[in-house]
Amino acid sequence: MKKLILILLLSFSFTVNAQKKCVTIKVEKIEEHKVKVIKTNTCKNVVTVRVYFKKEWDSIQKKRKQRQKRN
């Protein structure tokens, strides 16, 4: 019985550690005032490319950091 519980706990811990992040974000500076953001979702094989003004991207990042601090 103890071995069965141990095996179940180990298998659960392996599955939790095996999960990977699906979304990666790369930021490239195009010009002084523009930024290209490439978002790659490896789980669904989707690539999105967006171009933002630098001020707009900075405000998006600031809002994201504030949400993370709240949680």
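Our structure is the block above this text.
Bear in mind the structure is a predicted one, so any value in this text is a computation, not a measurement. (Residues numbered from 1 in each chain as written. Predicted model: local features only at pLDDT ≥ 70, side-chain atom pairs only at ≥ 80, totals over all residues. Heavy atoms only, no water.)

## So, the environment of Asn45
1) Next: As for its placement among the helices and strands, Asn45 is situated in the loop between strand 2 (34-41) and strand 3 (46-53).
2) Next: Taking the relative accessible area as the measure of exposure, Asn45 reaches 70% and is therefore exposed.
3) Next: C-alpha separation for the pair Asn45 and Cys22, spaced 23 residues apart in sequence, amounts to 9.3 Å. (Helix = DSSP H or I, 4+ residues; strand = E, 2+ residues; numbered from the N terminus. Buried < 20%, exposed > 50% of the residue type's maximum accessible area, 1.4 Å probe, protein only.)

## Some details on the pattern of salt bridges
1) Next: Inspection of the entire model under this criterion finds two salt bridges.
2) Next: We note a salt bridge from Glu28 to Lys36, for which the minimum N-O separation is 3.5 Å.
3) Next: Residue Glu28 is classed as partly exposed on the basis of its relative accessible area, which comes to 37%.
4) Next: Given the relative accessible area of 26%, Lys36 is considered partly exposed.
5) Next: For Lys54, the salt bridge is made with Asp58, and the minimal N-O distance between the two is 3.8 Å. In this pair, Lys54 and Asp58 both sit in helix 2 (residues 54-70), four residues apart, roughly one turn of the helix.
6) Next: Among the residues examined, Asp58 registers a relative accessible area of 38% and is labelled partly exposed. (Salt bridge = Lys/Arg side-chain N within 4 Å of Asp/Glu carboxyl O.)

## A closer look at a positive patch on the surface
1) Next: Together, Lys39, Arg50, Lys63, Arg64, Arg67 and Arg70 give the surface a local cluster of positive charge.
2) Next: Ranked by the residues each element gives to the positive patch, the list is headed by helix 2, at four residues. (Patch = residues over 30% accessible without salt bridge, like charges linked within 9 Å, V, L, I, M, F, W, Y side chains within 5 Å. Areas by Shrake-Rupley, 256 points an atom, 1.4 Å probe, with all protein chains shown as cover. Lys, Arg positive; Asp, Glu negative; His and termini not counted. Charge placed at Lys NZ, Arg CZ, Asp CG, Glu CD.)

## Regarding the environment of Lys55
1) Next: With respect to the element layout, Lys55 can be found in helix 2.
2) Next: Residues Lys55 and Val35, 20 residues apart in the sequence, show an inter-C-alpha distance of 9.4 Å.

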